[in-house]
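Structural overview for review
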Amino acid sequence: MLTTRTAVITGGSRGIGRAIATEYARQGCDIALVYHGNEEAATEVVRQAQQCGVRAQAYQCDVSDWAATQTTCQRILADFSAVDILVNNAGIVHDNLFMRMSEADIDEVLGVNLKGAMAMTRHLTPTLLKSAHGRVINISSVVGLMGNPGQANYAAAKAGLIGFTKSIAREFASRSVTCNVIAPGFIATDMTAGLPESATEKLTSLVPLKRTGAPEDVAGAAVFLASDQASYITGQVIQVDGGMRM
Ligand code: NDP
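Rules and cut-offs
- Residues numbered from 1 in each chain as written.
- Predicted model: local features only at pLDDT ≥ 70, side-chain atom pairs only at ≥ 80, totals over all residues.
- Heavy atoms only, no water.
- Buried < 20%, exposed > 50% of the residue type's maximum accessible area, 1.4 Å probe, protein only.
- Helix = DSSP H or I, 4+ residues; strand = E, 2+ residues; numbered from the N terminus.
- Pairing = 2+ DSSP bridges.
- Axes fitted to C-alpha atoms, helices over the stretch in contact; angles between N-to-C directions.
- Contact = heavy atoms within 4.5 Å.

Examining the pairing of strand β4 (residues 85-88)
Across the two faces of β4 the burial is the same, with Ile 85 and Val 87 and Leu 86 and Asn 88 all buried. Pairing analysis gives three bridges linking strand β1 (residues 6-10) to β4, with the strands arranged parallel. Across the sheet, Val 8 pairs through a bridge with Leu 86, a residue of β4. Two elements, β4 and strand β5 (residues 135-139), share four bridges in a ladder whose sense is parallel. In the strand pairing of β5, Val 87 is matched with Ile 137.

With respect to the sheet that holds β1
Backbone-to-backbone hydrogen bonds join strands into a sheet, with any given pair of strands oriented parallel or antiparallel. The strand order across the open sheet formed by seven strands is β3-β2-β1-β4-β5-β6-β7, and the pairing between neighbours is parallel. In the strand order of this sheet, the two ends are held by β3 (56-60) and β7 (237-240), each with one partner. On average, each strand axis in the sheet is tilted by 15° relative to the strand beside it, whichever way the strands run. Contacting β2 (30-35) and β3, helix α2 (residues 39-51) runs over the sheet at an angle of about 165° to β3. Its contacts with the sheet put helix α6 (residues 152-172) on β5, β6 (178-184) and β7, and the angle it makes with β6 is roughly 160°.

By themselves, these figures tell us nothing about what the structure is for.
Below is the structure:
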């Protein structure tokens, strides 16, 4: 159980972030979720979390905007007093072959997926270091480990998250704050819903477990990493990918 703890989950309005927020709420954890544009979805997640008897609140913020993340983290701390768990999950893709990739494609994907995680962590570091159960969980991707044609910007951001996590894991270890990465494989969410059926079939054929993952598959790992059972695990990359990359 995660009772008496408060978690911040970026991108908590949809997909994997939504599943993590919902599962944390079931475990008794108070929830501050950060979303970008989809207020209706965020409000629905808050409503569901509150039905579990926990405090829940949504905050609109573009995580790639340093000043906006600072203001948002200040608002979260004013509302919740302290934060124990930070899940940096917000992510976007702008896929293209590298020879056609624009500066904006690179800046935006690095901005949300990598700098956004660094910004949120930076602003919440003081409260995380004070927590007796401090956790940073960064959502990367198997693509950050394997590379993927058409996703050079995304793969670079997701690989960057791994180096970032291992560095802060070493810095925060003296305060018993653990920092880990989850690297999902092919998970059925809005992000992957637009793929042509042929691409979905091809990707699924690369998965030994022969199915796409569900957001709840990733949420299970996020609950474990946040729990006391995982207090001796830090600086690790946990793949939730059906065996796609071994
Ligand atoms: P979705 O597209 O379903 O959801 C993305 C979430 O991120 C939404 O809540 C969205 O908010 C939020 N978001 C997007 N941009 C910003 C921003 N600038 N500031 C704040 N929040 C933002 O994605 P998934 O659930 O599929 O992905 C979640 C994470 O998992 C991502 O980091 C992704 O890279 C990673 N991942 C996903 C895989 C998959 O197969 N689906 C595989 C491997 C990794 P809003 O609702 O307001 O738009």
